[in-house]
Amino acid sequence: MPVLPVSDIVNVIVNLSPRSAIRSGFNIALFIGDSGVISPADRVKVYTDTDAMLTAGFDDSMPEYQAALLYFAANTNPGRFAVGRWDSANETLANAVTACRQANWDWYVLCLPLPTMTEPGDLSAVPAVPPAYNFTVDDIQAAAKYVEGCSPDSALFYATADIGLLEAMKGLNYNKSLGIYTEISPNISAALAGWAMGANTGLTGSAYALAYKTLAGVSVDKLDSGTIDAVKKANGNYYVNRGKQYDGFETGVMASGVWFDEIINLAMLSNDVQLGVMDLLNSARKVPQTEGGVLMIIANVTPAFERMRRIGFIAPGIWKAPPVMGLATGDAIPNGYLFQWEPVDDQPQSDRDARLAPPIYAAIKLAGAIQYVVFQIDVNR
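These figures come from a predicted structure and were not determined experimentally.

What exactly am I supposed to notice about the side chain of Ser 206 here?
On the secondary structure map, Ser 206 appears in the loop between helix H6 (188-199) and helix H7 (225-233). Looking at Ser 206, its side chain comes within polar contact range of the main-chain nitrogen of Gly 202, at 3.4 Å. Contact partners of Ser 206, with chain neighbours within four places excluded, come to Ala 199, Thr 201 and Ile 311.

I tried to follow the sheet that holds strand S6 (residues 177-181) on my own but got confused; where do I start?
Sheet strands line up and pair through hydrogen bonds in the backbone, either parallel or antiparallel. Read across the open sheet, the six strands follow the order S2-S3-S1-S4-S5-S6; overall the sheet is mixed. Every interior strand has two partners, whereas the edge strands, strand S2 (44-47) and S6, have only one. Across the sheet, the mean angle from the axis of one strand to that of its neighbour is 25°, orientation sign disregarded. In this structure, strand S4 (residues 109-112) lies alongside strand S5 (residues 155-160), joined through four bridges in parallel fashion. The residue of S5 that forms the bridge with Leu 110 is Leu 156. Sitting on the sheet, helix H4 (residues 137-149) is in contact with S4, S5 and S6, with an inclination near 165° to S5.

Sorry, what's going on with the packing of aromatic side chains here?
Any two aromatic rings considered together are summarised by their centre-to-centre distance and by the angle between their planes. The tally for this structure, following the rule as stated, stands at ten aromatic pairs. Pairing Tyr 71 with Phe 72 gives two aromatic rings, centres 5.4 Å apart and planes at 80°, and the pair type is edge-to-face. Measuring from ring centre to ring centre gives 4.7 Å for Tyr 71 and Phe 81, while their planes differ by 45°; the resulting arrangement is tilted. Of this pair, Tyr 71 sits in helix H2 (residues 63-72) while Phe 81 sits in strand S3 (residues 81-85), placing them ten residues apart in sequence. Each member of the pair, Tyr 71 as well as Phe 81, carries the same accessibility label: buried.

Analysis parameters
- Residues numbered from 1 in each chain as written.
- Predicted model: local features only at pLDDT ≥ 70, side-chain atom pairs only at ≥ 80, totals over all residues.
- Heavy atoms only, no water.
- Helix = DSSP H or I, 4+ residues; strand = E, 2+ residues; numbered from the N terminus.
- Polar contact = N/O pair within 3.5 Å; in protein donor to acceptor, adjacent residues only side chain to side chain.
- Contact = heavy atoms within 4.5 Å.
- Pairing = 2+ DSSP bridges.
- Axes fitted to C-alpha atoms, helices over the stretch in contact; angles between N-to-C directions.
- Phe/Tyr/Trp six-rings, centres within 6.5 Å; stacked < 30°, edge-to-face > 60°.
- Buried < 20%, exposed > 50% of the residue type's maximum accessible area, 1.4 Å probe, protein only.

The following block contains the structure:
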């Protein structure tokens, strides 16, 4: 007796949705060195601890290993550390950074230590502390120029004993370069990156500011008030002691004057919005050029904004910037973000023919951070 298939009556079709693109965690730093353990062909390797680096062939005297010790010493547990190869005999530092970015998209912060020379041929401004790095101020500026516009988004932490370099970077108005003035700590950029990358967990309430954080394994600089004022005026940062009890990093500002926590969180938000829209375009049969289609886009990017609200980067507040479409100055933003878009029916025919979405506007209200306090105590006897 033949067995007739049930599928003639009930045909079950299983559609397995495609996997979403993997998001960058924005929690890995890259340190570039020329020790030769990593080949130029491999270019970048990622390590989970210093023992893995020793197994790979590094020894405890190498600059990359010394930087990793400070990076992994952070009490925020950064977890992973990328090492990039600089073929210093055959390429510039900027070319090595470019190659590392092309070879590996996972790292976010590039750490550059205190260079051997503040200017070509000038060793006077830098104390003779190991390890020595054979690059110059011009090399740092060239690397910063690349980082400013590279993709995916990246940031640069660099150490310097030259206030003139901080002033030059401020003049260039770089948003993605953070300079640390130090006279004694060559690898302070790695220590700061370890704290910042380890703290960037994405968990509820995990948004942070860099100001006043203690860096494990790093000695404070004994700077006078005049030097501190000059560094602050140049939008530089420094690591000092306050009140004999508090070793703290001050203050977490980029060369342009914006705060690092704003730069990294906006980079994460942009990344998640881009990938959220691409996930939709990749998985949907089509996104109709209708109001419903726009709502599909909004639905796919909303989790990114909710994530920023959950970690504490954005918060409900009053819009104090110029008006945006229907959002007026003084209006409340209850969720910390508000979506608006131009009506689909108002699109020019050329945009419809090109299958362009109408412009979508997202207004966000940052939670901000308190870093300075005035506290008055009034006494009555």
